[in-house]
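Here are the chains, one letter per residue:
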Amino acid sequence: MWLAKGLKRGTITTKFPKEEDKSIPKSLYDKDCGFSCFNSCMNGCEERDDEIEVRRKIPFNKSVHIFVLDVGSCSSCNREISLLGAPQYDMNRLGFFFTPVPRHADILLVIGEPTEKMIPVLKEAYEQMPKPKIVVTAGACANEKIEKIIKVDARVSGCPPQPIAILKALLMLTGRWNP
Ligand code: SF4
């Protein structure tokens, strides 16, 4: 019965328009963008290269715990960061671990363009971190906006940033690698 009803009703999900629709941001149709976020982003990111900028080095003689906070990403950054724990990069062997709570975090790794509702969450997470409160931003969206809200110690460019670039920034920040 439900099957017959479903077949009769057909698909009710709104389809993405094939033709250019003036009510939708033009960037959604920009097929030459080349970013791996499938043009879902409306920010018009300009960063492509995985450049690393480390502003402060804090040598760590213990394991380092990282709290990842997505304040409004398109999800591509999340996918790259999740690879840090995969066998190809395996950050655990280098002493880096993800933590689900900012209270246990040495590093706050922020991705995405902060939405209005996530700005207080970002500030709260920063407040809850123990010193020395290291902040890393990864990706064009975060690099542009986060430093206007909290102090940033390292930035990794790219849209999305490559996991190896993030790993290099973490190693440089914690004094474990000096290129
Ligand atoms: S920087 Fe990350 S969140 Fe922003 S558009 Fe690029 S992939 Fe998406």
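Check the entry above for the structure.
Structure report, in brief.

Cut-off values and rules
Residues numbered from 1 in each chain as written. Predicted model: local features only at pLDDT ≥ 70, side-chain atom pairs only at ≥ 80, totals over all residues. Heavy atoms only, no water. Buried < 20%, exposed > 50% of the residue type's maximum accessible area, 1.4 Å probe, protein only. Helix = DSSP H or I, 4+ residues; strand = E, 2+ residues; numbered from the N terminus. Pairing = 2+ DSSP bridges. Contact = heavy atoms within 4.5 Å. Right-handed = clockwise from strand over helix to strand, strands pointing away. Axes fitted to C-alpha atoms, helices over the stretch in contact; angles between N-to-C directions. Core = buried A, V, L, I, M, F, W, Y, C linked by side-chain atoms within 4.5 Å.

**A word on the pairing of strand β4 (residues 107-111)**
Right, on to step 1. The buried count for β4 comes to five of five residues, which makes it a mostly enclosed element.
Right, on to step 2. Residues of β4 alternate between two faces, with I107, L109 and I111 on one and L108 and V110 on the opposite face, all of them buried.
Right, on to step 3. Sheet topology note: the strand β2 (residues 64-70)/β4 ladder contains five bridges and is parallel. The residue bridging V68 from the neighbouring strand is L109, located in β4.
Right, on to step 4. Across five bridges, β4 lies against strand β5 (residues 134-138) in parallel orientation.

**Some words on the environment of V68**
Right, on to step 1. Relative to the assigned elements, V68 resides in strand β2.
Right, on to step 2. For the pair formed by V68 and T137, sequence separation is 69 residues and the distance between their alpha carbons is 9.8 Å.
Right, on to step 3. Excluding residues within four positions of it along the chain, V68 makes contact with I81, F98, L109 and I111.

**Side note on the pairing of β5**
Right, on to step 1. For β5, the buried fraction is high: five of the five residues fall into the buried class.
Right, on to step 2. Here β5 shows no split at all, with I134, V136 and A138 on one side and V135 and T137 on the other all buried.
Right, on to step 3. Note that the unit made of β4, helix α3 (residues 118-128) and β5 has a crossover that is right-handed.
Right, on to step 4. Relative to strand β6 (residues 154-156), β5 is paired through three bridges, and the arrangement is parallel. Of the residues in β6, the one forming a bridge with V136 is A154.

**Looking at the sheet that holds strand β3 (residues 96-98)**
Two pairing modes exist for strands in a sheet, parallel and antiparallel, and in both the strands are linked by backbone hydrogen bonds.
Right, on to step 1. Read from one edge of the open sheet, six strands run β1-β6-β5-β4-β2-β3, paired in mixed fashion. Because the sheet does not close on itself, it has two edges, and the strands there are β1 (52-54) and β3. Across the sheet, the mean angle from the axis of one strand to that of its neighbour is 20 degrees, orientation sign disregarded.
Right, on to step 2. Sitting on the sheet, α3 is in contact with β2, β4 and β5, with an inclination near 170 degrees to β2.
Right, on to step 3. Sheet strands in contact with helix α5 (residues 163-173) are β1, β2, β3, β4, β5 and β6, and its direction is about 20 degrees off that of β1.

**Looking at α5**
Right, on to step 1. The element α5 is extensively covered by neighbouring structure, given that nine of its 11 residues are classed as buried.
Right, on to step 2. Buried residues of α5: P163, A165, I166, L167, A169, L170, L171, M172 and L173, and no others.
Right, on to step 3. Directly beyond the C-terminal end of α5, a positive phi value near 70 degrees is found at G175.

**With respect to the nonpolar core**
Right, on to step 1. Counting residues in each nonpolar core, the largest one holds 24 residues, and the members touching the most others are I66, F96, I107, L109, V136, V156 and I166.
Right, on to step 2. Elements represented by at least two residues in this core include exactly β2, α2 (76-82), β4, β5, β6 and α5.
Right, on to step 3. Setting aside chain neighbours within four positions, we find F96 in contact with V64, I66, M91, L167, L170, L171, T174 and R176.
Right, on to step 4. The next biggest cluster of nonpolar side chains, apart from the first, holds 15 residues, and it includes V71, A125, Y126 and A142.

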